[in-house]
Amino acid sequence: MKWLLILIVLAVVVMLILASRKPNSFRVERKILIHAEAATVFDYINDFHQWTQWSPWENVDPNLTRSYSGSDMGVGAHYAWQGNKNVGQGNMTILESTPNSFIKIALQFIKPFAANNTAEFTLTQQGDNTEVAWVMYGPSPLISKVMGLFMNMDKMIGTQFETGLTNLKNAAEKAKQPI
């Protein structure tokens, strides 16, 4: 029994040492090329009411509750959500909004883990297409570093970003089609 306890303590110490060597911040980024004007794409991101059409987390919980406050769109727009364990609870506020090119969002997660991060969308018009870069970054506290020993955060979050960007592409490209 004594050896088992020593082994467990050693394993925990090794995990903490490995975790402490991880970076103090994280950054996840994904890009997509959308065959639509930047203004069309921008409207889907700059208005939280439009996120139901493309956000990868909107359909994870059919009982997700949403609330909107502040500005209708752009700087000051605020969106809060509460859902099951897969979507948790949190809120977002648009901090910066440069028409058709850039949006910066303060992102606060409350559940399942508390975290304060930043999300940015950069739109670059390229002929008939718009390149959209979705970035999230923030501090990486010890608990995140420990979790990072067992799961690839870039892959986990990045996969969700890829899904969201594909949904955004489909919505924006469909919107520009004549009815």
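Scroll up a little and you will see the structure.
Small disclaimer: the values here were computed from a predicted structure and weren't measured.

## Some details on the environment of Tyr 137
In this structure, Tyr 137 sits in strand β7 (residues 129-139). By relative accessible area, Tyr 137 is classed as partly exposed at 24%. For the pair Tyr 137 and Thr 118, spaced 19 residues apart in sequence, the C-alpha to C-alpha distance is 5.5 Å. Among the polar contacts made by the side chain of Tyr 137, one reaches the side chain of Glu 120 at a distance of 2.7 Å.

## Considering the sheet that holds strand β1 (residues 25-34)
Backbone-to-backbone hydrogen bonds pair the strands of a sheet. The strands run either parallel or antiparallel. Taken in spatial order, the 7 strands make up an open sheet running β1-β7-β6-β5-β4-β3-β2, and their pairing is antiparallel. Single-partner strands in this sheet number two, and they are β1 and β2 (65-70). Sheet twist, expressed as the average angle between the axes of neighbouring strands with direction ignored, equals 20 degrees. With 8 bridges connecting them, strand β5 (residues 102-111) and strand β6 (residues 115-126) associate as antiparallel partners. For Ile 103, the partnering residue across the bridge sits in β6 and is Phe 121. Its contacts with the sheet put helix α2 (residues 38-46) on β1, β4 (89-98), β5, β6 and β7, and the angle it makes with β6 is roughly 165 degrees.

## With respect to the layout of surface pockets
Over the atoms rolls a probe the size of a water molecule, and in doing so it shows where empty space is left. Estimates place the volume of the largest pocket at around 1,300 Å³. Around the largest pocket, the lining is made up of 45 residues, and of these Phe 109, Met 136, Met 153, Met 156 and Ile 157 lie nearest the centre. Listed by contribution, the elements that provide at least two residues to the lining of the largest pocket are β1, β3 (77-82), β5, β6, β7, α3 (142-148) and α4 (153-175). In terms of residues, the lining of the largest pocket owes the most to one element, α4, which gives 6 residues. For the lining of the largest pocket, the class distribution of residues is 28 nonpolar, 10 polar and 7 charged.

## Notes on α4
The terminal C-alpha atoms of α4, which comprises 23 residues, lie 33 Å apart, in line with the 33 Å expected from a rise of 1.5 Å per residue. The complete set of buried residues in α4 reads Ile 157, Gly 158, Phe 161, Gly 164, Leu 165, Leu 168, Ala 171, Ala 172 and Glu 173. Packed against the buried residues of α4 are β1, α2 and β7.

## Brief notes about the side chain of Glu 173
Within the secondary structure, Glu 173 sits in helix α4. A distance of 2.7 Å separates a polar side-chain atom of Glu 173 from the backbone nitrogen of His 35. Side chain to side chain, Glu 173 and Lys 169 meet in a polar contact 2.8 Å long. Those residues in contact with Glu 173 that lie beyond four places of it in its chain are Ile 34 and His 35.

## Examining the side chain of Glu 58
Looking at the secondary structure, you find Glu 58 in the loop between α2 and β2. Polar contacts involving the side chain of Glu 58 include one to the side chain of Tyr 79, which spans 2.7 Å. Apart from residues no more than four positions distant in its own chain, Glu 58 is found in contact with Trp 51, Thr 52, Leu 64, Arg 66 and Tyr 79.

## Re unusual backbone geometry
Looking along the chain, the bond that leaves Lys 111 and enters Pro 112 is cis, with omega of 0 degrees. Relative to the assigned elements, Pro 112 resides in the loop between β5 and β6.

## Here we look at the environment of Trp 51
In this structure, Trp 51 sits in the loop between α2 and β2. With relative accessibility at 4%, the residue Trp 51 sits in the buried group. Setting aside its immediate chain neighbours within four residues, Trp 51 contacts Tyr 44, Ile 45, Glu 58, Met 92, Ile 105 and Phe 121.

## What to know about a nonpolar patch on the surface
Together, Met 1, Leu 4, Leu 7, Ile 8, Val 12 and Leu 16 make up a nonpolar patch on the protein surface, roughly 630 Å² of accessible area in all. Here Leu 16 shows up in helix α1 (residues 2-20).

What counts and how
- Numbering of residues starts from 1 in each chain and follows the order in which that chain's sequence is written.
- For a predicted model such as this one, the threshold for reporting local features is a pLDDT of at least 70, and the threshold for listing and counting side-chain atom pairs is 80 or more; totals across whole chains, interfaces and linings nevertheless cover every residue.
- No hydrogens and no water enter the side-chain calculation; it runs on all heavy atoms of the structure.
- In this description a helix means any DSSP run of H or I spanning at least four residues, a strand means any run of E spanning at least two, and both kinds are numbered starting from the N terminus.
- Relative accessibility under 20% of the residue-type maximum defines a buried residue, over 50% an exposed one, and the middle range a partly exposed one, all with a 1.4 Å probe and only protein chains included.
- Polar contact criterion, stated in full: a pair of N or O atoms within 3.5 Å, where within protein one must be able to donate a hydrogen and the other to accept it, and residues adjacent in sequence count only if both atoms are side-chain atoms.
- Pairs of strands are assigned from DSSP output, requiring at least two bridges between the strands.
- Note on geometry: axes are C-alpha line fits, over the in-contact stretch for helices, and angles between N-to-C directions span 0 to 180 degrees.
- It only takes one pair of heavy atoms within 4.5 Å for two residues to be counted as in contact.
- Using a 1 Å grid laid over the protein atoms alone, points where a 1.4 Å probe fits but cannot get out form a cavity; open sets with protein on both sides within 12 Å along at least 5 of 7 lines form a pocket; any residue with an atom within 4 Å of a point counts as lining.
- Grid points are joined across faces, edges and corners, and a volume is the space filled by probe spheres set on the points.
- As a working rule, the residues Ala, Val, Leu, Ile, Met, Phe, Trp, Tyr, Cys and Pro are called nonpolar, Asp, Glu, Lys and Arg charged, and the rest polar, with Gly in that last group.
- By definition here, a helix of n residues has an expected span of 1.5 Å times n minus one.
- Exposure above 30% relative accessible area and the absence of a salt bridge qualify a residue for a patch, where like charges join within 9 Å and nonpolar side chains (Val, Leu, Ile, Met, Phe, Trp, Tyr) within 5 Å.
- Only the protein chains shown count as cover for residues, and all accessible areas are computed by the Shrake-Rupley method using a 1.4 Å probe.
- A pair is scored as a salt bridge if a Lys or Arg side-chain nitrogen falls within 4 Å of a carboxyl oxygen belonging to Asp or Glu.

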